[in-house]
Amino acid sequence: MLDPRRLRTDLDAVKAGLARRGLDLSEIERAAALEAEERSLKATVEGLRAQVRNLSKEVGQARKAGDVATAEAKADESRRVGEDERKLDAEVARIGAELRDILLRTPNLPADDCPGGASEHDNVIVRVEDYDAGAYGDHQRVPHWEVGATLGILDLERGAKLSGSMFPVFRGQGATLGRALCQLALDRNADAYEEIRPPSLVRTDTMVSTGHLPKFADEGYHLERDDLWAIPTAEVPLTSLGRDEIIPEADLPMRLMAYTPCFRREAGAAGRDTRGLLRVHEFDKVEILSYATPDQAAEAHADILARAEGSLKALGLAYRVLDLCAGDLGASAARTFDLEVYAPGCDMWLEASSVSWFSDYQARRANIRYRPATGGGTNVVHTLNGSALAVPRVWAAVVETYRRPDGSVAVPEALWPYFRGARSISG
RNA sequence: GGAGAGGUGACCGAGUGGCCGAAGGUGAUCGCCUGCUAAGCGAUUAAGGGGUGUAAAGCCUCUUCGAGGGUUCAAAUCCCUCCCUCUCCGCCA
């Protein structure tokens, strides 16, 4: 959520930022008007309330002194003032609700250095690593769903039988591969990030703090009977870990990581790039996340990006880094780098990680603050996160990249420690 | 799931309608005292919003005693709903 104060101190900058996203500005102007109105009415309501409190105090004193007539008179007066207050307060509540509703739906402002642009076509390719289009042999030009089926390590039919399409079943060394990828990511980041194993089902207010609700209600799996949501990413519980807390500055940056299942309904995505593991309803992922002061944010962002890249590099996969333009940025993000891993079999760049800086947008919703070392009031923290490794698409890239002419798949050297001595996946 | 007991500031804990944002204690910070340490003495010690102020300080004011709603001139205190914790029983990896 944007800082409501900026609506009166900094409205032009807010409008300029939202304009970069290509948004209509009438709503934010409405919000600014509501904010001013709410504040002025609130001052009046507070004055009335102060009167009620004082009069009530006088009622008590008069009664104690045995002066019933005065007590009655004061009580009557207080009742009248209270009536006025109630009426006005209802008006303030109505205005406040409308203001919050707009603010909750208004996305974050893009960072100043976020590239301009309207859609994914305007994203900037920052760099391409280890990619040589001519270097792939025919044996690598087989899509992972065929490789997986042939080797018996990916069973999409039975996944569909159990749970429907887009729920993959990994078997044998295929299952090992997925788990090994996660273990690799955890091991590579354990030097700086504390491992958390959060619940996979969370309450509605937990989903709201990260901005996944109310906007993306259609994307989440909801257990109606218990009013719980299956997490779409560990970002949700990890961000809420600090909710309503005040962190000493000395504890920042606070770095966390979690290996969790992720559940996404992918409503409306049916039929579009959904073959094999390109898009699934349930997958495993290692997420890394930081709470930081505004001053630490840039460095924290760079660290997460370097670590997300590091895993792909260690696996010997080709990938590229995209700087998302303002028009393609997620609603909560101020700046995002996407990592796309190259899968030679399907000849596609697959989004494997989104490394985002949310400035104080998420933290304001979640009410995560820190107390500066210098003392004084509290400030809202900045949050940043990214996938250290998301299984299905990286699994696909590994299987396609490492396929040999004989049809087997070599185990990347980085994963040897996790393969019980095996150097190859041959079904 | 059933029965019961609870949720108050960094922590412990008092508080059953007004003088309570809240006694007392612990911890912390500052100062005093003291060869040093310990003990002792004094002061300070929640968060947030609005206003005033060049700003810091200060001052005025509102909100918050698990959350939300209600009763009342007045709610930490009474009523309702929900959440959480603990104990016993039941069930169970």
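Residues numbered from 1 in each chain as written. Chains lettered and ligands numbered in written order. Predicted model: local features only at pLDDT ≥ 70, side-chain atom pairs only at ≥ 80, totals over all residues. Heavy atoms only, no water.

The next thing to look at is the overall build of chain A. What chain A contains, in helices and strands, is 12 helices and 16 strands. Projecting the C-alpha coordinates of chain A onto the three principal axes gives extents of approximately 100 × 45 × 45 Å. Taking the intrachain contacts of chain A between residues at least 6 apart in sequence as the baseline, contacts between residues at least 24 apart amount to 74%. When the accessible surface of chain A is summed, it comes to about 20,100 Å², and 48% of that surface belongs to carbon and sulfur atoms. If you average the places of the 54 positive and of the 67 negative side-chain charges in chain A, the two averages end up 4 Å apart. (Helix = DSSP H or I, 4+ residues; strand = E, 2+ residues; numbered from the N terminus. Contact = heavy atoms within 4.5 Å. Areas by Shrake-Rupley, 256 points an atom, 1.4 Å probe, with all protein chains shown as cover. Lys, Arg positive; Asp, Glu negative; His and termini not counted. Charge placed at Lys NZ, Arg CZ, Asp CG, Glu CD.)

Domain annotation of chain A identifies domain 1 (6–105) and domain 2 (120–425). A straight line from the C-alpha centre of domain 1 to that of domain 2 covers 44 Å. In terms of surface lost to domain 2, no three residues of domain 1 exceed R21, L104 and R105, which account for 84% of the buried area on that side. In this assembly, domain 1 and domain 2 are joined by 5 residue pairs in polar contact (both at pLDDT 80 or more). Residue contributions to the side of domain 1 that touches domain 2 peak at 3 residues, all from helix α4 (residues 68–105). (Domains from an automatic or database assignment. Buried area = accessible area lost by both parts, 1.4 Å probe. Polar contact = N/O pair within 3.5 Å; in protein donor to acceptor, adjacent residues only side chain to side chain.)

For the rest of this paragraph, the subject is the sheet that holds strand β2 (residues 194–196). An order of β1-β9-β10-β11-β14-β8-β7-β2 is seen for the 8 strands of this open sheet, with the pairing classed as mixed. Since the sheet does not close on itself, it has two edges, and those belong to β1 (124–129) and β2, each with one partner. Averaged over all pairs of adjacent strands, the angle between their axes in this sheet comes to 25°, without regard to strand direction. Both strand β8 (residues 282–292) and strand β14 (residues 382–390) contribute to a ladder of 8 bridges, which runs antiparallel. Each bridged residue has a counterpart across the sheet, and for I288 the counterpart in β14 is G386. The sheet contacts of helix α10 (residues 297–314) involve β1, β7 (254–263), β8, β9 (319–323), β10 (335–343), β11 (348–357) and β14, and relative to β14 the element is tilted by about 0°. (Pairing = 2+ DSSP bridges. Axes fitted to C-alpha atoms, helices over the stretch in contact; angles between N-to-C directions.)

The next point concerns the packing of helix α7 (residues 173–189) against helix α12 (residues 391–401). Following both chains from N to C, one finds α7 and α12 inclined at 115°, their axes separated by 10 Å at the closest point. Looking at the two axes, α7 sits roughly perpendicular to α12. The way α7 lies across α12 gives a crossing that is right-handed. Facing α7, whose interface residues are G174, L177, G178, L181 and C182, α12 presents V391, V394, W395, V398 and V399. In terms of residue class, the contact of α7 with α12 is built from 8 nonpolar, 2 polar and no charged. (Parallel < 35°, antiparallel > 145°, perpendicular 65-115°, else oblique. Left-handed = near helix turned anticlockwise from the far one by under 90°. Nonpolar A, V, L, I, M, F, W, Y, C, P; charged D, E, K, R; others polar.)

Residues in contact with RNA strand B amount to 19 residues; listed here are only the nearest, R53, S56, K64, S78 and T378. Counting only atoms of RNA strand B within 4 Å of the protein, the fraction found in sugar and phosphate groups is 69%. Measuring from a phosphate oxygen of RNA strand B, one finds a side-chain N or O atom of R8 at 2.9 Å. R63 places a side-chain nitrogen or oxygen 3.1 Å from a base oxygen of RNA strand B. Sorting the residues of the surface near RNA strand B by element identifies α3 (26–64), α4 and β12 (369–371) as the ones contributing at least two each. Here the surface near RNA strand B gets 10 residues from one element, more than from any other, and that element is α3. For the surface near RNA strand B, the residue count by class is 3 nonpolar, 4 polar and 12 charged. (Near = heavy atom within 4 Å.)

It is worth spelling out the nonpolar core at this point. In this structure, L177, L181, V394, W395 and L415 are the most contacted members of the largest nonpolar core, which totals 59 residues. Residue contacts for W395: discarding those within four places in its chain leaves G148, I153, L154, F170, G174, L177, G178, L181 and L277. Grouped together as the second largest cluster of nonpolar side chains are 18 residues, M1, V14, L34 and L103 included. (Core = buried A, V, L, I, M, F, W, Y, C linked by side-chain atoms within 4.5 Å. Buried < 20%, exposed > 50% of the residue type's maximum accessible area, 1.4 Å probe, protein only.)

This paragraph deals with the pattern of salt bridges. Throughout the structure, instances matching the rule amount to 32 salt bridges. Of the charged contacts in the structure, one is a salt bridge between D3 and R364, with a shortest N-O distance of 3.6 Å. With D3 in the segment before α1 (6–9) and R364 in helix α11 (residues 361–366), this pair connects stretches of sequence that are 361 residues apart. The two residues D3 and R364 agree in class, both being buried. E129 is the salt-bridge partner of K313, the closest N and O atoms lying 2.9 Å from each other. On the criterion of sequence distance, the pair formed by K313 in helix α10 and E129 in strand β1 is long-range, its members being 184 residues apart. (Salt bridge = Lys/Arg side-chain N within 4 Å of Asp/Glu carboxyl O.)

A separate point is the packing of aromatic side chains. Applying the stated criterion across every chain, the model contains 6 aromatic pairs. Between the aromatic rings of Y131 and Y136, the centroid separation amounts to 6.3 Å while the plane-to-plane angle is 35°, which identifies the pairing as tilted. Here Y131 falls in the partly exposed class, since its relative accessible area comes to 31%. Taken together, Y131, Y136, Y342 and W349 form an aromatic cluster joined through their ring pairs. The ring of Y193 has R255 sitting right over it, with the charged end atom 5.9 Å from the ring centre. Stacked on the ring of W416, the Lys or Arg R423 has its end atom at 4.1 Å from the ring centre. (Phe/Tyr/Trp six-rings, centres within 6.5 Å; stacked < 30°, edge-to-face > 60°. Lys NZ or Arg CZ within 6 Å of the ring centre and 35° of its normal.)

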